[in-house]
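Spelled out, the chains give:
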Amino acid sequence: MNTLHIRKVAVLGAGVMGAQIAAHLVNANVETLLFELPAKEGDPNGNVNKALDGLKKLDPAPISSPARVSYIEAANYEQHLEKLRGCDLIIEAIAERIDWKSDLYRKVAPFVNANAIFATNTSGLSINTLAEAFPENLRHRFCGIHFFNPPRYMHLVELIPCKGTEAALLDELETFLVSTLGKGVVRAKDTPNFIANRIGVFSMLATKHHAAAFDLGFDMVDALTGRYLGRPKSATFRTLDVVGLDVFAHVVNTMRENLSEDPWHKHFELPGWFQYLVDQGSLGQKTKRGIYQKIGKEIHVLDLHTREYKLSDAKVDDGVKDILRERDWSKKLAGLRSNPHPQAQFLWATFRDVFHYCALHLGDIANNARDLDFAVRWGFGWDSGPFEIWQAAGWQQVAGWISADIAAGKAMANMPLPAWSTDPTRTGVHTPQGSFAPSPPTPLPQAGEGGAQRREREPQYQPRSQLPVYRRQIYPDRLLGETRHYGETIFETDEVRLWHTGDTIAILSFKTKMHTVSNEVLDGILRAVNEAEAHFSALILWQSEPPFSAGANLLQLMQGVQETPDTGMFGKLKGAVNRIKYTAAGGGGMGDLFNAATGNVPKVEAVVAKFQQTSMRLKYAQIPTIAAVDGLALGGGCEFSIHCSRIVATLESYIGLVEVGVGLLPAGGGCKEMAQRASQEAQRYAIDNRVDIFPFVRRYFQNIAMGEVAKSAELAREMGYLRPSDRIVLNRFELLHIAKEEAKALNATAYRPPLHQRQIAVAGRTGIATLKAAMLNMREGGFISEHDFNIGCRVAETLCGGDVEAGSMVDEDWLLDLERRNFMELLATEKTQARIEHMLKNGKPLRN
């Protein structure tokens with residue numbers, strides 16, 4: 001069989017899921033057609049075009065840049081079925097009706113080429129039943145491919161074969177999903193709702209059942225079942241509102257209709273209040289009202305007793321809160337089980353029944369415990385899967401508690417735990433060798449098993465997939481029980497670690513909270529560049545977990561200007577921070593800091609100069625420097641990345657120069673680099689050697705003065721933070737591999753750093769005046785404050801090269817000096833001090 005290359009994809013159905021799947025395909029540069037029924041009037045593609053317009057309005061955005069919507073080709077079933085012949089993958093995503101899907105299959109089957117894959121995005125209907133409506137000669141190329149909503153952001157895709165699906169086809173499809181679309185793939189069995197929805201929905205039903213038993217309101221349940229348990233902030237009932245009560249009802253109905261033998265079947269019912277909301281059209285977020293309703297700026301919640309909305313004011317009991325703050329799962333679950341408070345008993349009961357359900361059904365729905373845990377983590381946003389929590393809490397202890405509650409009649413189902421889970425020698429289900437598989441190897445094809453090459457499987461513990469695509473994940477998503485070794489250390493301090501994986505590429509990782517940049521991090525980067533130049537072929541800045549860097553930690557950076565720990569600036573600063581933390585008034589707060597700062601100007605300026613020096617070392621190092629960016633790259637994190645030889649960024653990288661939020665401007669080389677890029681761009685687009693720099697400066701000025709953060713790596717490229725040569729990666733677990741490959745490619749062409757640019761054309765005083773005039777209008781209109789205007793003027797002065805003629809040539813040092821001077825002068829103002837103090841105290845910016 002020839003290797004499959006997925007070049008073009010068709011999505012059938014332009015509803016909520018279909019349109020967003022198409023959007024994510026073009027996020028990944030995959031040529032995509034989106035089909036829908038023809039419009040009854042006007043343009044036959046009217047229905048599709050309406051869906052495409054809707055993509056631009058959704059929040060969070062399903063598309064990495066609004067401009068990318070135009071790459072989705074609109075099509076309808078009456079005019080364009082012939083176009084299906086050129087598609088390598090066809091994804092059906094119409095409504096969850098077997099009869100409708102079957103009719104569509106019969107309609108499109110004559111146009112499906114013999115080498116294409118046809119996949120349904122059903123969230124829980126039988127894949128084998130759906131396959132029966134597909135021509136027998138094509139059935140071997142049919143399967144389920146279940147994306148989770150929203151497809152851009154949710155990592156999970158469940159891959160479900162039918163009885164005749166070719167094993168090699170599944171391997172090829174998994175490779176495409178993992179590397180091209182950036183997904184985490186779990187192979188599921190053809191059972192109702194597959195894995196993630198089966199467990200996730202049961203967890204919600206168990207939560208609902210016990211909330212009623214302990215008389216807890218919706219908002220109280222959400223206060224207990226969100227971040228305290230390592231789950232999304234939307235917790236349980238807010239999640240229902242986001243998903244849609246009608247959608248949830250459909251999933252529960254699928255379980256009720258198809259799982260009549262399930263011991264928990266009687267609980268697959270929706271309560272009266274649920275049907276009441278659906279009948280009222282209160283379906284959640286999409287109808288502006290569901291279990292919750294936002295009235296003005298206030299959140300109101302449905303009162304179960306009165307069926308009226310009331311102000312949400314749930315308060316977790318202090319004793320229960322203390323238990324929930326415990327990080328050790330053994331102590332947390334023991335505390336909940338032993339505490340008589342209804343909130344604690346509710347949580348233990350929910351955990352118990354979810355563990356019970358997972359243990360009993362593991363062999364029915366999944367190939368191993370790893371697949372179940374990853375499905376729940378990736379599909380529902382849990383930090384840890386059910387089995388991971390059970391194992392972390394002490395397998396035997398928890399199994400004993402569950403069995404005791406079953407015997408006492410407290411559990412939702414009176415079924416004993418399966419024998420494998422109560423084996424007295426068992427300490428868990430995840431080990432370094434693999435994860436527990438409770439039944440003999442399934443005949444269904446597994447990841448990496450292509451036809452005759454199917455390997456012999458371990459009957460009890462299954463290792464991770466051996467598909468070649470996973471070799472690109474040097475450090476895949478970690479599972480409890482697995483060991484992880486981050487290479488060999490070159491040097492390590494309290495703030496950074498430089499290491500390697502046995503090759504010639506050095507990797508620098510930060511150890512600070514949120515990977516913020518302190519004075520010691522600056523020292524570490526400078527030392528790492530020196531070490532890499534002396535002994536390695538490249539340097540990569542990479543973090544084992546996002547974010548890349550939340551920017552300069554002002555408090556830590558100011559340690560560099562201390563005189564002594566107690567009497568110098570840091571001692572005063574520490575006292576100020578303590579007052580901010582522990583007193584309502586905040587005392588003198590940052591005033592102490594800035595009184596000290598203004599008395600130590602040369603030392604403060606030296607720290608800023610070191611920041612600039614660090615950025616310049618990254619830019620002009622004799623070896624390639626690669627910023628491997630994932631998540632936030634703000635302020636100083638952004639400045640480091642834009643100075644590296646290359647940025648390799650995940651799609652979900654949020655990059656920006658945000659210093660104006662604390663009343664400052666970028667002074668780690670950020671303004672300088674943007675001014676330099678504006679000059680280079682202007683000269684590329686010069687007409688008859690006439691260079692108009694201002695339009696290019698204005699774009700960067702708007703980014704910096706407004707503190708704009710790109711909401712994707714693609715938008716960061718459009719904003720100028722990423723260059724055309726920088727790379728965007730869809731799967732964050734491939735980031736380090738691709739960064740290494742990029743370093744090797746640069747060295748393959750005998751890498752040399754850029755030459756120092758000594759002729760940077762600037763917009764000068766004319767550009768400054770133009771930007772000031774625009775800001776004056778905004779100030780007069782009340783859109784910005786006087787201090788905003790002051791900050792903006794200093795950003796303008798720096799980006800435009802200062803008080804010089806338009807078109808004057810300056811060098812990088814000139815621009816760095818402007819950055820540093822304006823930073824220092826802003827630092828000395830009372831209003832900037834107030835902004836920093838407010839940020840430290842409240843975690844959000846102050847407008848003054």
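Please refer to the structure higher up on the page.
Since this is a predicted model, take the numbers as computed values, not measurements. (Residues numbered from 1 in each chain as written. Predicted model: local features only at pLDDT ≥ 70, side-chain atom pairs only at ≥ 80, totals over all residues. Heavy atoms only, no water.)

Peer 1: Quick one: what's the story with the overall build of the protein chain, residue by residue and with numbers?
Peer 2: Along the protein chain, the regular secondary structure elements total 31 helices and 23 strands. At 29 Å, the protein chain has a C-alpha radius of gyration in line with the 29 Å of a compact globule built from 848 residues. For the protein chain, the spread of C-alpha atoms along the principal axes amounts to about 80 × 65 × 60 Å. Per-residue burial over the protein chain gives 57% buried out of 848 residues. Of all intrachain contacts in the protein chain linking residues separated by at least 6 positions in sequence, the fraction that spans at least 24 positions is 71%. Surface exposure of the protein chain reaches about 35,200 Å², of which carbon and sulfur atoms provide 51%. In the protein chain, 94 positive and 97 negative side-chain charges are present, and the distance between their average locations comes to 1 Å. (Helix = DSSP H or I, 4+ residues; strand = E, 2+ residues; numbered from the N terminus. Rg over C-alpha atoms; globule rule 2.2 N^0.38 Å. Buried < 20%, exposed > 50% of the residue type's maximum accessible area, 1.4 Å probe, protein only. Contact = heavy atoms within 4.5 Å. Areas by Shrake-Rupley, 256 points an atom, 1.4 Å probe, with all protein chains shown as cover. Lys, Arg positive; Asp, Glu negative; His and termini not counted. Charge placed at Lys NZ, Arg CZ, Asp CG, Glu CD.)

Peer 1: Describe in detail the nonpolar core, supporting the description with residues and values.
Peer 2: Counting residues in hydrophobic clusters, the biggest one holds 112 residues, and the most contacted among them are Leu333, Phe387 and Trp390. No other element matches helix α13 (residues 342-365), which puts 12 residues into this core. Those residues in contact with phenylalanine 387 that lie beyond four places of it in its chain are Cys358, Ala359, Leu362, Ala369, Leu372, Asp373, Trp395, Trp420, Val429 and His430. With 80 residues, the next largest nonpolar core counts Val529, Ala649, Phe694 and Phe789 among its residues. (Core = buried A, V, L, I, M, F, W, Y, C linked by side-chain atoms within 4.5 Å.)

Peer 1: Quick rundown of the environment of aspartate 423? Include the residues and the values.
Peer 2: Note that aspartate 423 resides in the loop between α17 (419-422) and β12 (430-431). Here the alpha-carbon distance between aspartate 423 and alanine 399, two residues 24 residues apart in the chain, equals 9.6 Å. Within the local environment of aspartate 423, its side chain forms a polar contact with the side chain of threonine 425, the two groups lying 2.8 Å apart. (Polar contact = N/O pair within 3.5 Å; in protein donor to acceptor, adjacent residues only side chain to side chain.)

Peer 1: Kindly report on unusual backbone geometry, identifying the contributing residues and their values.
Peer 2: The linkage connecting aspartate 59 with the following residue, proline 60, adopts the cis geometry, with an omega of 5°. Tracing the sequence through the fold places proline 60 in the loop between α2 (46-55) and β3 (72-76). Of note, the amide linkage connecting asparagine 149 to proline 150 takes the cis form, showing an omega dihedral of 0°. Residue placement: proline 150 occurs in the loop between β6 (142-147) and β7 (156-161). Unusually for a residue other than glycine, asparagine 193 sits at a positive phi of about 70°. Tracing the sequence through the fold places asparagine 193 in the loop between β8 (184-187) and α6 (196-213). Judged by relative accessible area, asparagine 193 falls into the buried class, the value being 1%. Even without a glycine there, the phi angle at arginine 307 is positive, about 60°. Inspection of the secondary structure assignment puts arginine 307 in the loop between β10 (298-302) and β11 (309-311). Accessibility expressed as a relative area gives 35% for arginine 307, which makes it partly exposed.

Peer 1: Describe in detail helix α14 (residues 369-380), supporting the description with residues and values.
Peer 2: End to end, α14 covers 16 Å across 12 residues, agreeing with the expected 16 Å (1.5 Å per residue, within 8%). Of all 12 residues making up α14, 12 are buried, and the element is well covered by its neighbours. Where α14 is concerned, the buried positions are Ala369, Arg370, Asp371, Leu372, Asp373, Phe374, Ala375, Val376, Arg377, Trp378, Gly379 and Phe380. With a side-chain oxygen lying 3.0 Å from the backbone nitrogen of arginine 370, the N-terminal cap of α14 falls on asparagine 368. Where α14 terminates, the next one or two residues include glycine 381, which has phi positive at roughly 75°. (Expected span 1.5 Å × (residues − 1).)

Peer 1: Would you mind going over the pairing of strand β1 (residues 8-12) in detail, with residue names and values included?
Peer 2: Of all five residues in β1, four are buried; the element is thus mostly enclosed. Here β1 runs beside strand β2 (residues 31-36); their pairing, made up of five bridges, is parallel. If you follow valine 11 over to β2, its bridge partner there is leucine 34. Each parallel crossover has a hand, and the one from β1 via helix α1 (residues 16-27) to β2 is right-handed. (Pairing = 2+ DSSP bridges. Right-handed = clockwise from strand over helix to strand, strands pointing away.)

Peer 1: Could you give me a rundown of empty space enclosed by the protein, with the residues and numbers involved?
Peer 2: Taken as a whole and assessed by the stated rule, the structure comprises four cavities of 30 Å³ or more. Taken as a whole, the largest cavity holds about 60 Å³ of empty space. As for the largest cavity, its lining consists of Met204, Leu205, Lys208, Thr236, Phe237, Leu240, Phe248, Pro271, Trp273 and Phe274. Among the secondary structure elements, those contributing two or more residues to the lining of the largest cavity are α6, α8 (237-243) and α10 (272-279). If one sorts the elements of the lining of the largest cavity by residue count, α6 sits on top with three residues. In terms of residue class, the lining of the largest cavity is built from eight nonpolar, one polar and one charged. (1 Å grid on protein atoms, 1.4 Å probe; cavity = no way out; pocket = protein on both sides within 12 Å on 5 of 7 lines; lining within 4 Å. Points joined across faces, edges and corners; volume = space filled by probe spheres on them. Nonpolar A, V, L, I, M, F, W, Y, C, P; charged D, E, K, R; others polar.)

Peer 1: I'd like to hear about the sheet that holds strand β9 (residues 292-295), residue by residue, with values.
Peer 2: Backbone-to-backbone hydrogen bonds pair the strands of a sheet. The strands run either parallel or antiparallel. An order of β9-β10-β11 is seen for the three strands of this open sheet, with the pairing classed as antiparallel. The open sheet has two edge strands, β9 and β11, and neither has a second partner. Direction aside, the axes of adjacent strands within the sheet are offset by 35° on average. As paired strands, β9 and β10 are joined by four bridges and run antiparallel to one another. Across the sheet, residue glutamine 293 finds its bridge partner in β10, namely histidine 300. (Axes fitted to C-alpha atoms, helices over the stretch in contact; angles between N-to-C directions.)

Peer 1: If you had to explain the pattern of salt bridges to someone new, which residues and values would you point to?
Peer 2: Scanning the model with the defined rule gives 52 salt bridges in all. Close ionic contact of arginine 256 with glutamate 269 constitutes a salt bridge, the shortest N to O distance being 3.9 Å. Here arginine 256 is found in helix α9 (residues 245-258), whereas its partner glutamate 269 is found in the loop between α9 and α10, with 13 residues between them in sequence. Since its relative accessible area comes to 23%, arginine 256 is described here as partly exposed. Between aspartate 477 and arginine 377 there is a salt bridge, and its shortest N-O distance comes to 3.1 Å. With aspartate 477 in the loop between β14 (461-462) and β15 (488-492) and arginine 377 in helix α14, this pair connects stretches of sequence that are 100 residues apart. One network of salt bridges, in which partners are shared, links Lys619, Lys672, Glu673, Arg677 and Glu812. (Salt bridge = Lys/Arg side-chain N within 4 Å of Asp/Glu carboxyl O.)

Peer 1: Tell me about a nonpolar patch on the surface, and name the residues and values.
Peer 2: Among the surface-exposed residues, Met706, Met778 and Phe783 lie close enough to one another that they form a single nonpolar patch of about 340 Å² accessible area. Locating phenylalanine 783 in the fold gives a position in the loop between α28 (764-780) and α29 (786-799). (Patch = residues over 30% accessible without salt bridge, like charges linked within 9 Å, V, L, I, M, F, W, Y side chains within 5 Å.)

Peer 1: Hey, could you go over the packing of aromatic side chains for me, with residue numbers and the actual values?
Peer 2: Under the definition given, this model contains 35 aromatic pairs. Measuring from ring centre to ring centre gives 5.9 Å for tyrosine 486 and tryptophan 499, while their planes differ by 75°; the resulting arrangement is edge-to-face. Placement of the pair is tyrosine 486 in the loop between β14 and β15 and tryptophan 499 in strand β16 (residues 496-500), with a sequence separation of 13 residues. Among the residues examined, tryptophan 499 registers a relative accessible area of 1% and is labelled buried. Members of the aromatic cluster, joined through ring pairs, are Trp329, Phe351, Phe355, Phe387, Trp390, Trp395, Trp420, Phe436 and Tyr461. Arginine 238 extends its terminal NZ or CZ atom over the ring of tyrosine 292, reaching a point 4.2 Å from the ring centre. Residue placement shows arginine 527 over the ring face of phenylalanine 491; its charged tip is 3.9 Å from the ring centre. (Phe/Tyr/Trp six-rings, centres within 6.5 Å; stacked < 30°, edge-to-face > 60°. Lys NZ or Arg CZ within 6 Å of the ring centre and 35° of its normal.)

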